[in-house]
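Coordinates in review
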Amino acid sequence: VLSHNLCTVLNVPHDPVALEEHFRDDDEGPVSNQGYMPYLNKFILEKVQGNFDKVEFNRMCWTLCAKKNLSKSPLLISDEDAFKVWVIFNFLSEDKYPLIIVPEEIEYLLKKITEAMGAGWQQEQFDHYKIALNTNREGLSAWELIELIGSGQFSKGMDRQTVSMAINEVFNELILDVLKQGYMLKKGHKRKNWMERWFVLKPNIISYYVSEDLKDKKGDIILDGNCFVEALPDKDGKKCLFLIKCLDKTFEISASDKKKKQEWIQAIQTTVSLLRAGSPPPHKEARQKRKELRQKLLAEQEELERQMKELQAANENKQKELETVRKQLEAAAARAAEEEKKRLQTQVELQDRFSLELEREKMVRQKMEEQVAQKSSELEQYLQRVRELEEMYKQLQEALEDEKQARQDEETVRKLQARLLEEESAKRAELEKWHLQQQQTIQMTEAEKQELENERMMKEQALQVAMQQLKQLELERKEALEQYEEVKKKLETAANNTKSWKDKVAHHEGLIRLIEPGSKNPHLITNWGPAAFTEAELEERQRSWKGKKATSE
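Residues numbered from 1 in each chain as written. Predicted model: local features only at pLDDT ≥ 70, side-chain atom pairs only at ≥ 80, totals over all residues. Heavy atoms only, no water.

Per an unreviewed UniProt entry, the protein chain is named Switch-associated protein 70, and its organism is Pomatostomus ruficeps. Entered under Subunit (unreviewed entry) in the UniProt record, the comment concerning the protein chain runs "The SWAP complex consists of NPM1, NCL, PARP1 and SWAP70." (UniProt positions renumbered as here; feature names shortened; annotations may be inferred.)

Notes on unusual backbone geometry
Although it is not a glycine, D177 sits at a positive phi angle of roughly 60 degrees. One non-glycine residue, L214, lies in positive phi territory at about 65 degrees. Position of L214 relative to the elements: it lies in the loop between β3 (205-209) and β4 (217-222). Relative accessible area serves as the criterion here: at 40%, L214 is assigned to the partly exposed category. (Helix = DSSP H or I, 4+ residues; strand = E, 2+ residues; numbered from the N terminus. Buried < 20%, exposed > 50% of the residue type's maximum accessible area, 1.4 Å probe, protein only.)

Some details on the pattern of salt bridges
Applying the stated criterion across every chain yields a total of 24 salt bridges. Between E321 and K318 there is a salt bridge whose closest N-O contact spans 3.9 Å. Taken as a pair, E321 and K318 lie in helix α11 (residues 282-442) at a separation of three residues, close to a single helical turn. For R343, the salt bridge goes to E340, with nearest N and O atoms at 2.2 Å. One end of the pair, R343, and the other, E340, are both in helix α11, three residues apart, so they sit about a helical turn from each other. Owing to a relative accessible area of 32%, E340 belongs among the partly exposed residues under this scheme. Overlapping salt bridges bring together E424, R428, E474 and R477 as one network. (Salt bridge = Lys/Arg side-chain N within 4 Å of Asp/Glu carboxyl O.)

With respect to the domain arrangement of the protein chain
Domain annotation for the protein chain reports domain 1 (53-175), domain 2 (178-280), domain 3 (308-377) and domain 4 (379-418). The C-alpha centroid of domain 3 is placed 70 Å from the C-alpha centroid of domain 1. (Domains from an automatic or database assignment.)

Brief notes about a nonpolar patch on the surface
On the surface, L304, M308 and L311 cluster together into a nonpolar patch covering about 320 Å² of accessible area. Structurally, L304 can be placed in helix α11. (Patch = residues over 30% accessible without salt bridge, like charges linked within 9 Å, V, L, I, M, F, W, Y side chains within 5 Å. Areas by Shrake-Rupley, 256 points an atom, 1.4 Å probe, with all protein chains shown as cover.)

A few points about the packing of helix α5 (residues 79-92) against helix α9 (residues 160-174)
The contact between α5 and α9 brings their axes to 10 Å, and the two run at 35 degrees. Note that α5 runs across α9; the crossing there is left-handed. Across the interface between the two elements, D81, K84, V85, V87, I88 and F91 of α5 pack against S164, I167, N168, V170, F171 and L174 of α9. In the contact of α5 with α9, the residues fall into eight nonpolar, two polar and two charged. (Axes fitted to C-alpha atoms, helices over the stretch in contact; angles between N-to-C directions. Left-handed = near helix turned anticlockwise from the far one by under 90°. Contact = heavy atoms within 4.5 Å. Nonpolar A, V, L, I, M, F, W, Y, C, P; charged D, E, K, R; others polar.)

Let's talk about a negative patch on the surface
Taken together, E390, E391, E398, E401 and D402 make up a surface patch of like negative charges. Residue placement: E391 occurs in helix α11. Overall, the relative accessible area of 42% leaves E391 in the partly exposed class. (Lys, Arg positive; Asp, Glu negative; His and termini not counted. Charge placed at Lys NZ, Arg CZ, Asp CG, Glu CD.)

Let's talk about the pairing of strand β7 (residues 250-254)
Along β7, four of the five residues are buried, which leaves the element largely enclosed by surrounding structure. Across two bridges, the pairing between strand β1 (residues 180-187) and β7 is antiparallel. Bridge pairing links K186 to I253 in β7. Here strand β6 (residues 241-245) pairs with β7 via five bridges, running antiparallel. (Pairing = 2+ DSSP bridges.)

Printed below as a string of structure tokens:
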């Protein structure tokens, strides 16, 4: 029956054949806990997928153990509240058997219940209880915790209903992961009417019900990292509106007042932020931090106890050593008395010898100080020389940059001059060609003279245009020559500066190596010398000249 009920609650298929096979050879009477555990682990717990109702599972376990262990004395809480305290105990207890809840977790739980009741926390009263508890044991069992809360020791002046509501609120938060709950109005998606619903906020979902008994569930709002919530202005006679927008749907909700609206917006924003960060719910994260802190303190306490034991053992050894030393001192005192006379005799000799050595040491120290002062002066001169060389190196780099820039300017002027010369040559060849054509035209027959005269006039006009272009090219060539002369002068000045710096560097023991321009690419050669034009510039000039020629024709 137990196995079948466990399988039902945990959503695991029950295999009665496996149960019979497992216990076939067991003829020793009733099965103990140790005898049942192998079957439980192998055939039930290993098949659990996690898709079961944990509250129902806890309720079944409570049914199995409550009757035997729950105190028979009257309590101020109901059996249902005792069950919820028992489930909370399983959540807050330490991960070792037998399960206990340590005083720190007891204080945390009692504070939560007291705050839920709206009462003030009595720290002094709990400190007295904690002192009495620590003298006897490390913590409380589940049944002792139920008896402590049910006795009303920390809820004096509160009725049973208030305590029950506080336990239920803490149970919802710690066990059911309810971060916030309450009544609000929700706008429908189809009818667009406003209905009052009981909303329950959990780490990844908001569920809404007809009432707070949670029996009639109307829907869910699935939360993820892409959801966001924002306040809305009042409209349609509804106030305190806010909007929850998810991937597939948008929900409009109206709170009862501005405070509730702000609380819900803040709670939902915090939940979405935790989902984006992949963090657990706040109470689970806080429990893990408290557990890690206790483990750290326990490790520090064990380390302190180990050190105390080591110190105690070392102290005992020291006592033995001191006793041995005392005996040795007594024996040494007798020897010291005999040696005192010898010491007095040699003391005068040692003082004289020490005085001589002290004078000698003073002389050596004075010499060392003089040598250190001399070395410091030499070091300062060397550093000054290095700084001067660094300054000269910077100036030399600037001179080389000037020379490099001058060479680049010279090369640009050369290219421009060569390009202009080539255009001039082309124009001259074209003019000679036109002149020959005119001579041939004159020698033609008299009958074609009138027709050719018209053609000659057109060509003369083109010739005039070409002459004007030739004059323009002449002017550009002259300007290029002037730029070339100017760049040449700059290059000579930079070369002179470089030469003077080379001479200066030569006097400083070759600590700096000159940086000279590298090799250049081969240049075009024209009738007037190396060209200063690139292939692209020549092609651009040729296309321009051809376009002008086509226009003139």
